[in-house]
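Close look at the chain arrangement
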Amino acid sequence: MSTMQNVDPKDLMQNNADESEIEDFEDLIQENELESASDWTADDETRPVCLFCEITFENAEEVWEHCTSDHDFDYNRLRKGLGLDFFGKLKLVNYIRAQVKQGKKPELNTPGLFLEDSQYLKPTLQDDALLFGIQDEESDEDEVDPDTAYEMEQLRVEAKERAEKIKVLQGKLKDLQLQFDEYKDIVSTVINHKTIASSSDDSDSEVEPNTTDKVSRSRSQRSGHAKRRAVKDDNNDDHYFQSYAYNEIHETMLKDKIRTESYRDFIYENKDIFKDKIVLDVGCGTGILSMFAAKAGAKKVFAVDNSDIIERAIANVVENNLDNVIQCFRGRIEEIRLPVEKVDIIVSEWMGYALLYEAMLDSVLVARDKYLAPDGLMVPSECRLMVAGIRDPEYINDRVNFWNDIYGFKMTAMKPSIYKDVLVEDLKPSQLLHSEPIAFQKFPLHTVTVPELEFKSELSLPTNPTDKSVNATAVDGNLDGLLIYFDTYFTRSRDEIIPEDARAESFRTIGGSLGFTTGPWGPKPTHWHSGVLLFNKTFKFDDTSRLTGTIEFAKDKNNNRELVIGVELQSSLSKLGQSYLMR
């Protein structure tokens, strides 16, 4: 390792260094951020320390070799790829050390985080010997052939100028697009008002429902009440979209093989459907479904997401050389404008707990009505909400009576919330009153509407042990609650009819249609699990009756992405009414 004594920081600057960076660097010294030139000295006993751990080495080269092999960080490749000068490398080292010190993972795919922040000119680690290795690199790089260095510098200058021009043009284009959208809205409003006015003068003429709806929506959006409600909804939406910005939730979903492989298998086994088609992926996340579609031969794929995950989706697309097919958009599908009038296929993994939690299906249906061609295909094509009765005294004892004695203390105040919340868990068929699935609401995705996502359905649950859909061993005249889950179906055609008695876990047609279930009869649990609705008292019935009643799904008034489930049930021996919140 080379050592340096009383080095003037100005001697470290490259000839092509940014003047603002030099000024920032001098300011740090003048403001005593760097106490003196002694902050930049090292002696023979100082050894460079790894950026990510506490191991020391003889020289900087050994540090970089260790970082590449043990931490998957190729310093030399990164600095060359970014064309970092002395200050850039200085900021890079100090930025990584600062992030590691805070227990954070450095965001190296966003170099602007450290290159544009002068705070990283100050050493994060006092007497950081690794910084002297940077100076050695500067000396070595000074020996580059003058002609090559000149050409490289010219390329950097030209690239910077082009980037600035592109930024200016993008800003102008955005302004023009906004102006054009405003102009179209004004023209549309004027035309609609004229249409209504002329229609009201003619008693025999009728205003088209769609025209009236558009004008009504336009008026409501301008009212103060609508604006206040929109602010509240936006706050909920901000939390919703932010929750999908992190890796963990996407890792969980991708590792759910039932989910991910069902989409993959349908797309890959039906490449003839996707070949040369235009596909829209709503809520694309990491971009996995978009990449499946591109690999299946899609001509163009539009991937849309309003979460920060879209930045990594773009990187994923580029890394897999699919950026010539997939185009990513950041924003709400309700607000963005695609560069096409219609798409052939909409693919989306929109399902939440108990199917409708998070209300993402609303956005998918907006995309369908706005962009899907008349003969276009929704992937998946249909979902069904399923129900089964729960009978398991051991489970109740574990989940409810558990609070009676906690290390010698009573905590019964914890019990009531168990009966108010939808519990997300996996149950086994042996814990259920029913041995076959029972559907209580269907969602044909080519035709269902947003208002139909809030509903009240009739329930009729068999309890007679002689009925093949009843688990005879679970019939003792008592019911502990209901289990809610959903089945999903992928069909090759929008006209394909799924049989009433279809079992999603085994649904596969010769043509290529398939399905999967999130319920207890599936091959393995999914990341959606099932929704458990526990009764606040044991529901009693006789084994010759049927349990009848209703189940209602509605959006929570305070947060429309949360779900309120109401259950009313009666038998010859009992009657029950209970409400649950999925949050």
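Please refer to the structure placed before this passage.
Small disclaimer: the values here were computed from a predicted structure and weren't measured.

1. Description of the sheet that holds strand E14 (residues 563-570)
- Spatially, four strands are ordered E9-E13-E14-E15 in an open sheet, and the strand pairing comes out antiparallel. Bordering the open sheet on either side are strand E9 (455-462) and strand E15 (575-582), each of which pairs with just one other strand. Here the strands of the sheet are splayed against their neighbours by 20 degrees on average, with no regard to which way each runs.
- In terms of strand pairing, E9 meets strand E13 (residues 546-555) through eight bridges, oriented antiparallel. Counted as the bridge partner of Ser 460 is Thr 548 from E13.

2. Overview of the packing of aromatic side chains
- Summed over the entire model, instances satisfying the criterion amount to 20 aromatic pairs.
- Taken together, a centroid distance of 6.0 Å and an interplanar angle of 25 degrees make the contact between Tyr 353 and Tyr 357 stacked.
- Judged by centre distance (6.0 Å) and plane angle (50 degrees), the ring pair of Phe 440 and Phe 553 falls under tilted. Pair noted here: Phe 440 is in strand E8 (residues 438-444) and Phe 553 is in strand E13, with a separation of 113 residues, a long-range link.
- Taken together, the ring pairs connect Tyr 263, Phe 266, Phe 486, Phe 490, Phe 516 and Trp 528 into an aromatic cluster.
- Seen from the ring of Tyr 268, Lys 271 lies directly overhead, with NZ or CZ sitting 5.4 Å from the centre.
- Directly above the ring of Trp 521 sits Arg 503, whose terminal nitrogen or CZ lies 5.7 Å from the centroid.

3. What to know about unusual backbone geometry
- Here Val 379 and Pro 380 are connected by a cis peptide whose omega angle stands at 0 degrees.
- Inspection of the secondary structure assignment puts Pro 380 in the loop between strand E5 (372-379) and strand E6 (382-390).
- Phi at Ala 359 is positive, roughly 55 degrees, even though this residue is not glycine.
- Within the secondary structure, Ala 359 sits in the loop between strand E4 (343-347) and helix H15 (360-371).
- The exposure class of Ala 359 is buried, given its relative accessible area of 12%.

4. Focus: the packing of helix H11 (residues 257-269) against helix H13 (residues 288-295)
- Two elements in contact, H11 and H13, have axes separated by 9 Å at closest approach and are oriented at 20 degrees. The angle between the axes of H11 and H13 places the two elements in the roughly parallel class. Regarding H11 and H13, the two cross each other, and that crossing is right-handed. Together, Thr 260, Tyr 263, Arg 264, Ile 267 and Tyr 268 of H11 and Leu 289, Phe 292, Ala 293 and Lys 295 of H13 make up the contact between the two elements.
- For the contact of H11 with H13, the residue count by class is six nonpolar, one polar and two charged.

5. Overview of the pattern of salt bridges
- Under the criterion given, the structure shown has 20 salt bridges.
- Taking the shortest distance from any N to any O, the salt bridge between Glu 349 and Arg 259 comes out at 2.7 Å. Placement of the pair is Glu 349 in the loop between E4 and H15 and Arg 259 in helix H11, with a sequence separation of 90 residues. Accessibility classification places Glu 349 together with Arg 259 in one group, the buried group.
- The residue Arg 384 makes a salt bridge to Glu 382 at a minimum N-O spacing of 2.7 Å.

6. Observations concerning the sheet that holds strand E1 (residues 278-282)
- Pairing is parallel across the open sheet formed by five strands, whose spatial order is E3-E2-E1-E4-E5. Of all the strands in the sheet, just strand E3 (326-330) and E5 have a single pairing partner and so form its edges. Sheet twist, expressed as the average angle between the axes of neighbouring strands with direction ignored, equals 20 degrees.
- Examined bridge by bridge, E1 and E4 share three bridges and lie parallel to one another. Note on E4: the bridge partner recorded for Asp 281 is Val 347.

7. Considerations on the packing of helix H10 (residues 247-255) against H11
- Viewed as axis vectors pointing N to C, H10 and H11 meet at an angle of 70 degrees, and their least axial separation amounts to 5 Å. Judged by the inter-axis angle, H10 sits roughly perpendicular to H11. Contacts between H10 and H11 pair Met 253, Leu 254 and Lys 255 from the former with Lys 257, Arg 259 and Thr 260 from the latter.
- For the contact of H10 with H11, the residue count by class is two nonpolar, one polar and three charged.

8. Some points on helix H14 (residues 309-319)
- Listing the buried residues of H14 in full gives Ile 309, Ile 310, Ala 313 and Val 317. The buried side chains of H14 occupy one side of the element, clustering within an arc of 95 degrees when seen end-on.
- Residues of H14 that are buried in the fold lie against H10, H13, strand E2 (300-305) and E3.
- One or two steps after H14, the chain reaches Asn 321, where phi turns positive at roughly 55 degrees.

9. Observations concerning the pairing of E2
- A large share of E2 lies buried, amounting to five of its six residues.
- The sheet contact formed by E1 and E2 spans five bridges and is parallel. The residue of E2 that forms the bridge with Leu 280 is Phe 302.
- The handedness of the E1 to E2 crossover, carried by H13, is right-handed.
- Relative to E3, E2 runs parallel, the two being bridged by five bridges. Its bridge partner lying in E3, Val 304 is registered against Phe 329.
- The parallel pair E2 and E3 is bridged by H14, and the resulting crossover is right-handed.

Rules and cut-offs
- Residues numbered from 1 in each chain as written.
- Predicted model: local features only at pLDDT ≥ 70, side-chain atom pairs only at ≥ 80, totals over all residues.
- Heavy atoms only, no water.
- Pairing = 2+ DSSP bridges.
- Helix = DSSP H or I, 4+ residues; strand = E, 2+ residues; numbered from the N terminus.
- Axes fitted to C-alpha atoms, helices over the stretch in contact; angles between N-to-C directions.
- Phe/Tyr/Trp six-rings, centres within 6.5 Å; stacked < 30°, edge-to-face > 60°.
- Lys NZ or Arg CZ within 6 Å of the ring centre and 35° of its normal.
- Buried < 20%, exposed > 50% of the residue type's maximum accessible area, 1.4 Å probe, protein only.
- Parallel < 35°, antiparallel > 145°, perpendicular 65-115°, else oblique.
- Left-handed = near helix turned anticlockwise from the far one by under 90°.
- Contact = heavy atoms within 4.5 Å.
- Nonpolar A, V, L, I, M, F, W, Y, C, P; charged D, E, K, R; others polar.
- Salt bridge = Lys/Arg side-chain N within 4 Å of Asp/Glu carboxyl O.
- Arc of directions from axis to C-beta.
- Right-handed = clockwise from strand over helix to strand, strands pointing away.

So, to be careful, I would describe these as geometric facts and stop short of saying anything about function.
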